[in-house]
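Observations on the model geometry
Chain by chain, the residues:
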Amino acid sequence: MIELRTPAEIEQMRPVGRFVAEVLATLRDETAVGTNLLSIDRRAHELIRRTGAESCYIDYHPSFGASPFGKVICTSINDAVLHGLPHDYTLRDGDLVSLDFAVSIDGWVADSAVSFVVGTARDEDLRLIETTRRALDAAIEAATVEHRIGDISAAVAQVARGEGYSINTDFGGHGVGRVMHGDPHIPNDGKAGRGYPLRAGLVVALEPWFLATTDKLVTDSDGWTLRSADGSRGAHSEHTVAITADGPIVLTDRSFLGVD
Ligand code: MG
């Protein structure tokens, strides 16, 4: 069921959006060559506790999960792109890191993800990351009441195809509000002008993610982490966006912190 939020409810979602933005900015700033993934999770846990937020991940146990997630952040490294379960791994020079983070505050959820490279970056990794960012910008631009879901999907796909990346539509954007994953599903590929008409009050997580040379995923032996089938690297950019009569509001915007 698709739920619409009143302008007052969208205002109530601003604090959680801001907190998620701040945590990702902090974690990105503190993550470097030599950082262990478990310490990123511990730090995220500490920031959650300090604020009184509630993790959306720690007890998360959907049908495809082997057991509850048990951590508070997804850390997907290199060929891992989604749902990366933090484990005892120390980042090396040139690793491509994707952090995906969702919490609730006062019953409202925000969800956001960022990719970056620690140490010396390879040009192809920067191009992949930049493409997910541009696709997210295009998705946000399409998130207006004049459009339909398919316009968002088509906008994402156009950016990806323009750089030669293929697209997996199994995992994509979703409604977000009282829970992390709600209707509608927003695939990262689709036909412009088709699908549910976007309405004021719809709050969605938009999340382009691409793999360098495949659109196939495999699940890691940890039961959670999704990796590219061919070992190529992946990147992921996500924001929680409220569609309003006056245009999209990016609730997890980090730009006020001086970071992208
Ligand atoms: Mg997310």
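The following paragraphs examine the structure supplied in this document.

**Structural notes on the overall build of the chain**
What the chain contains, in helices and strands, is five helices and 14 strands. Here the chain has a C-alpha radius of gyration of 17 Å; the compact-globule value for 260 residues is 18 Å, and the two agree. Looking at the chain as a whole, 54% of its 260 residues qualify as buried. Summed over all atoms, the accessible surface of the chain reaches about 11,100 Å², with 48% contributed by carbon and sulfur. Taking the average location of the 24 positive side-chain charges in the chain and that of its 38 negative ones, the two points are 1 Å from each other.

**A closer look at the coordination of the magnesium ion**
Within the first shell, the magnesium ion binds the protein through D100 (OD), D111 (OD) and E238 (OE), at distances of 2.0 to 2.1 Å. The motif formed by the donor residues of the magnesium ion, counted along the single chain, is D-x10-D-x126-E. Here D100, found in strand 4 (residues 96–105), pairs with D111, found in strand 5 (residues 108–117); they are eleven residues apart in sequence, far enough to count as distant. Residues D100 and D111 agree in their burial class; the two are buried.

**What to know about the sheet that holds strand 14 (residues 247–250)**
Paired through backbone hydrogen bonds, the strands of a sheet run either parallel or antiparallel to each other. The strand order across the open sheet built from five strands is 7-6-8-13-14, with neighbouring strands paired in antiparallel fashion. Each edge of the sheet is formed by a strand with only one pairing partner; in this case those strands are strand 7 (182–186) and strand 14. The mean angle between the axes of side-by-side strands here comes to 30°, regardless of whether they run parallel or antiparallel. Relative to strand 7, strand 6 (residues 173–175) is paired through three bridges, and the arrangement is antiparallel.

About the cut-offs
Residues numbered from 1 in each chain as written. Predicted model: local features only at pLDDT ≥ 70, side-chain atom pairs only at ≥ 80, totals over all residues. Heavy atoms only, no water. Helix = DSSP H or I, 4+ residues; strand = E, 2+ residues; numbered from the N terminus. Rg over C-alpha atoms; globule rule 2.2 N^0.38 Å. Buried < 20%, exposed > 50% of the residue type's maximum accessible area, 1.4 Å probe, protein only. Areas by Shrake-Rupley, 256 points an atom, 1.4 Å probe, with all protein chains shown as cover. Lys, Arg positive; Asp, Glu negative; His and termini not counted. Charge placed at Lys NZ, Arg CZ, Asp CG, Glu CD. Donors = N, O, S within 2.8 Å, 3.2 Å for Na, K, Ca; no water. Pairing = 2+ DSSP bridges. Axes fitted to C-alpha atoms, helices over the stretch in contact; angles between N-to-C directions.

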